[in-house]
Each structure stands twice: as structure tokens, then as C-alpha cells.
Amino acid sequence: MDATSSQPVAGSVGSVPLWYHTLELPGGVVTPGMFDLRGHVDRLPWPDVRGKRCLDVATYDGFYAFELERRGAGQVVAIDIPDHEDWDWPAGARARGGPGLAALAGEKGRGFEVAHAALGSNVEKHTVNVYDLSPAELGTFDVVVCGSLLLHLRDPVRALEAMRSVCGGWLLSIEAISLWLSLLAPRRAVAELSRNDLACQWWTVNVVGHRRLAEAAGFEVTDTTGPFAEPFGVSHPARRSRTPQALGLHAFRRAFAGGQGVPHAALLARPRPDVPLPAARA
């Protein structure tokens with residue numbers, strides 16, 4: 001694609017008030033994301049997705065959905081909630097959280113639409129809450145990918161069980177973790193409950209806690225990666241902060257997670273056939 005034909009792509013990118021993902025689009029256009037996952041994506045414990053039916057849970061701007069497509073998946077389905085009001089807001093933030101995020105980030109799913117059109121992607125997007133995943137609606141998938149979602153959920157185990165109900169092969173979970181708790185309790189599953197309701201963050205687990213969540217939902221973990229830092233993108237305010245507290249936190253993360261960004265861990269797991277799924281909720 002030449003420079004002239006890239007102009008409509010660049011203009012569409014500018015129509016999105018806030019990009020969550022850094023995405024490479026045709027014509028050398030790169031979205032100004034809050035997070036830039038490009039540098040660590042090859043370090044994740046990927047299963048073979050070539051020719052497979054794959055699901056990206058809570059796709060947002062679509063980074064992992066488009067990555068699955070790039071890796072040769074036969075079919076990619078992406079799901080997300082319809083509006084910012086549908087986040088799993090804590091009680092104290094339900095009235096303000098959705099409208100506040102909409103004012104900041106714009107229409108939910110707009111970034112995905114722009115990237116999907118620019119890439120000429122065949123990813124199918126469905127409006128489905130992770131808690132409502134079921135094989136009756138979407139069928140089953142060879143590979144399920146879920147990135148940075150569990151900390152935003154009141155009940156991460158219930159969400160993982162819903163993922164297991166549609167997972168016929170592998171789950172790749174990439175999740176934010178507490179670096180401090182991982183160092184403090186390297187062999188014990190520990191979680192911290194967030195104090196910031198407006199960030200819509202609930203439980204932040206340590207590395208062992210991430211693994212334990214998957215096991216509690218009926219998965220067998222076969223491989224793990226991390227901790228590693230999920231890098232800040234150009235539009236993330238923490239990237240530009242130079243306060244003594246921020247610099248100290250950056251140094252801590254560089255020392256124990258390998259870089260600046262939010263500490264994460266990844267795991268590859270498969271459903272345990274001997275563990276029954278929970279009964280369908282009324």
C-alpha cells in the first residue's frame with residue numbers, strides 16, 4: 001500500500017479517542033496504544049494455532065485476535081462486551097465508571113472496527129460477556145486466548161469455567177500479576193483486592209495465584225512464562241511519568257520483570273476431562 005492509500009487508514013485511526021492496543025496497520029500506520037504487546041508476543045507459550053478454530057476473549061482493539069489470524073488460524077472469533085457500562089464495575093463505581101470511560105475512550109469497539117477494516121481481517125466479532133460463554137451459542141474452540149481480563153472481573157474462576165465450557169484444546173491466559181506478592185510468596189497462591197473501584201480492577205494475583213485460578217476452574221497447566229513486563233504504549237501516562245515514586249517503581253519492574261510496564265505472567269493449559277462443568281445458571 002502506498003503513502004496516498006494509507007491516508008484513509010491514518011484518518012480512521014485518529015477517529016478513535018483512545019487506543020488500548022498498539023497495532024501495525026497498512027501503510028506504516030501504528031496505532032498510539034496504551035500498551036504495546038508486540039515485543040513480547042513471541043515469548044508467550046503459544047500452542048499450534050495453524051488451521052485451528054480460535055477464540056479471543058475480551059478482544060478490545062483486537063491485538064490477540066489479529067495475532068491469531070496472522071499465525072495462520074483457520075477461523076478466529078473475538079468476543080467483547082457491548083458498552084463501557086457493561087464492565088464488571090464494583091458497586092461504588094457503577095454510576096460513574098461507564099460514562100467516565102466512554103467520555104475518555106469513546107465508543108466501545110470502535111478501535112476494533114477501524115483495525116479490522118484496515119487489515120481486511122476475517123475475524124468474526126460477537127457481543128458476548130465472558131460469563132455467558134457457552135458451546136450452545138458459539139460452539140467449541142481448539143484454542144482460547146484471554147489477555148489481561150481476570151483482574152477486571154469479580155469472579156475470575158467463574159469466567160475461566162465459562163472459557164473451559166467452550167475450550168476443546170488449549171487455553172492461553174496472559175494476565176496481570178502482582179510482582180511484589182510473587183516475590184513475597186513464590187510458592188503460595190496470594191491475591192490482593194484493589195482499592196481503586198474506578199479502574200474496574202478486582203483481584204491481582206501472584207504468579208502462583210494465576211496458575212491456581214486456572215486449576216480451580218478445571219484446567220491442567222502445562223507451561224508457564226513470566227513474570228514479564230507488558231510494555232506501556234506511547235499514550236500510557238505512566239510511560240512519561242518522571243516522579244521519584246514512578247522512577248523507583250520502574251527500576252523495580254526492570255529488575256524483576258525485565259522492563260517497564262505492567263507485570264504479567266502467561267500460562268498454557270488444557271481442560272481436565274475428569275472435572276465436570278458447573279450446572280448452567282438460570
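Use the structure listed above.
Here the structure is a predicted model, which means the values were calculated and not measured. (Residues numbered from 1 in each chain as written. Predicted model: local features only at pLDDT ≥ 70, side-chain atom pairs only at ≥ 80, totals over all residues. Heavy atoms only, no water.)

(A) Representation of the sheet that holds strand 5 (residues 53-57) within the structure. Spatial ordering of the open sheet is given by 7-6-5-8-9-13-12, a layout of 7 strands whose pairing is mixed. Since the sheet does not close on itself, it has two edges, and those belong to strand 7 (124-127) and strand 12 (219-230), each with one partner. Within this sheet the neighbouring strands show an average axis-to-axis angle of 20 degrees, counted without direction. As paired strands, strand 9 (residues 167-176) and strand 13 (residues 262-271) are joined by 6 bridges and run antiparallel to one another. Looking at strand 13, one finds that Ala176 is bridged to His264. (Pairing = 2+ DSSP bridges. Helix = DSSP H or I, 4+ residues; strand = E, 2+ residues; numbered from the N terminus. Axes fitted to C-alpha atoms, helices over the stretch in contact; angles between N-to-C directions.)

(B) Highlighting empty space enclosed by the protein. Using the criterion set out here, one finds 1 cavity of 30 Å³ or more in the structure. Taken as a whole, the largest cavity holds about 70 Å³ of empty space. Forming the walls of the largest cavity are Val16, Leu18, Tyr60, Asp61, His84, Ala105, Glu107, Lys108, Gly109, Arg110 and Gly111. Considered class by class, the residues forming the lining of the largest cavity number 4 nonpolar, 3 polar and 4 charged. (1 Å grid on protein atoms, 1.4 Å probe; cavity = no way out; pocket = protein on both sides within 12 Å on 5 of 7 lines; lining within 4 Å. Points joined across faces, edges and corners; volume = space filled by probe spheres on them. Nonpolar A, V, L, I, M, F, W, Y, C, P; charged D, E, K, R; others polar.)

(C) Region of interest: the environment of Gly111. Position of Gly111 among the secondary structure elements: in helix 4 (residues 110-119). In this structure the C-alpha to C-alpha distance between Gly111 and Leu193, which are 82 residues apart in sequence, comes to 30 Å. Leave out the neighbours within four places in its chain, and Gly111 touches Val16, Trp19 and Asp61. (Contact = heavy atoms within 4.5 Å.)

(D) Expanded view of helix 8 (residues 207-216). Inspection of helix 8 places Gly209, His210, Leu213 and Ala214 among the buried residues, and these make up the whole buried set. Buried residues in helix 8, looked at end-on, bunch into an arc of 140 degrees, giving them a common side. Of the surrounding elements, those touching the buried residues of helix 8 are helix 6 (156-166), strand 9, strand 11 (203-205), strand 12 and strand 13. Residue Gly218 follows helix 8 closely and has a positive phi angle near 100 degrees. (Buried < 20%, exposed > 50% of the residue type's maximum accessible area, 1.4 Å probe, protein only. Arc of directions from axis to C-beta.)

(E) Quick look at the pattern of salt bridges. With the rule as written, the count across this model stands at 12 salt bridges. A salt bridge links Arg38 to Glu24, with the shortest nitrogen-to-oxygen separation between them at 2.9 Å. Residue Arg38 is located in the loop between strand 4 (33-35) and strand 5, and its partner Glu24 is located in strand 2 (residues 24-25); the two are separated by 14 residues in the primary sequence. Looking at Arg38, the relative accessible area reads 32%, which means it is partly exposed. (Salt bridge = Lys/Arg side-chain N within 4 Å of Asp/Glu carboxyl O.)

(F) Seen up close, helix 2 (residues 63-70). With 6 of its 8 residues buried, helix 2 lies for the most part within the structure. Of the residues trailing helix 2, Gly72 is marked for its positive phi of about 95 degrees.

(G) Fine view of the pairing of strand 9. Among the 10 residues in strand 9, 8 count as buried, and that is most of the element. Pairing geometry for strand 8 (residues 141-147) and strand 9, over 6 bridges, is parallel. Within the sheet, the bridge partner assigned to Phe141 lies in strand 9 and is Cys167. This β-α-β element, strand 8 to helix 6 to strand 9, shows right-handed connectivity. (Right-handed = clockwise from strand over helix to strand, strands pointing away.)

(H) Region of the structure containing the packing of aromatic side chains. In total, this model carries 6 aromatic pairs according to the counting rule given. When the centroid spacing of 5.1 Å and the interplanar angle of 50 degrees are considered together, the rings of Tyr20 and Tyr60 count as tilted. Within this pair, whereas Tyr20 is found in strand 1 (residues 19-21), its partner Tyr60 is found in the loop between strand 5 and helix 2, the two being separated by 40 residues in sequence. Relative accessible area serves as the criterion here: at 23%, Tyr20 is assigned to the partly exposed category. A relative accessible area of 17% means that Tyr60 is categorised as buried. Their ring planes at 40 degrees and their centres at 6.1 Å tell us that Phe35 and Phe232 sit as a pair that is tilted. Linking Phe35 in strand 4 with Phe232 in the loop between strand 12 and helix 9 (237-240), this pair joins segments that are 197 residues apart in sequence. For the pair Phe35 and Phe232, one class covers both residues: buried. Taken together, the ring pairs in this structure connect Tyr20, Phe35, Tyr60 and Phe232 into an aromatic cluster. (Phe/Tyr/Trp six-rings, centres within 6.5 Å; stacked < 30°, edge-to-face > 60°.)

(I) A look at the packing of helix 6 against helix 8. Taken N-terminus to C-terminus, the directions of helix 6 and helix 8 make an angle of 55 degrees; their axes are 8 Å apart at the nearest point. Taken together, the axes of helix 6 and helix 8 are oblique relative to one another. Our pair here, helix 6 against helix 8, has a crossing hand that is right-handed. Contacts between helix 6 and helix 8 pair Pro156, Val157, Leu160 and Glu161 from the former with Leu213, Ala214 and Ala216 from the latter. (Parallel < 35°, antiparallel > 145°, perpendicular 65-115°, else oblique. Left-handed = near helix turned anticlockwise from the far one by under 90°.)

(J) View of the environment of Asp42. Tracing the backbone shows Asp42 in the loop between strand 4 and strand 5. Among the residues examined, Asp42 registers a relative accessible area of 59% and is labelled exposed. Each C-alpha atom, one on Asp42 and one on Val57, is 19 Å from the other, the two residues being 15 residues apart in sequence.

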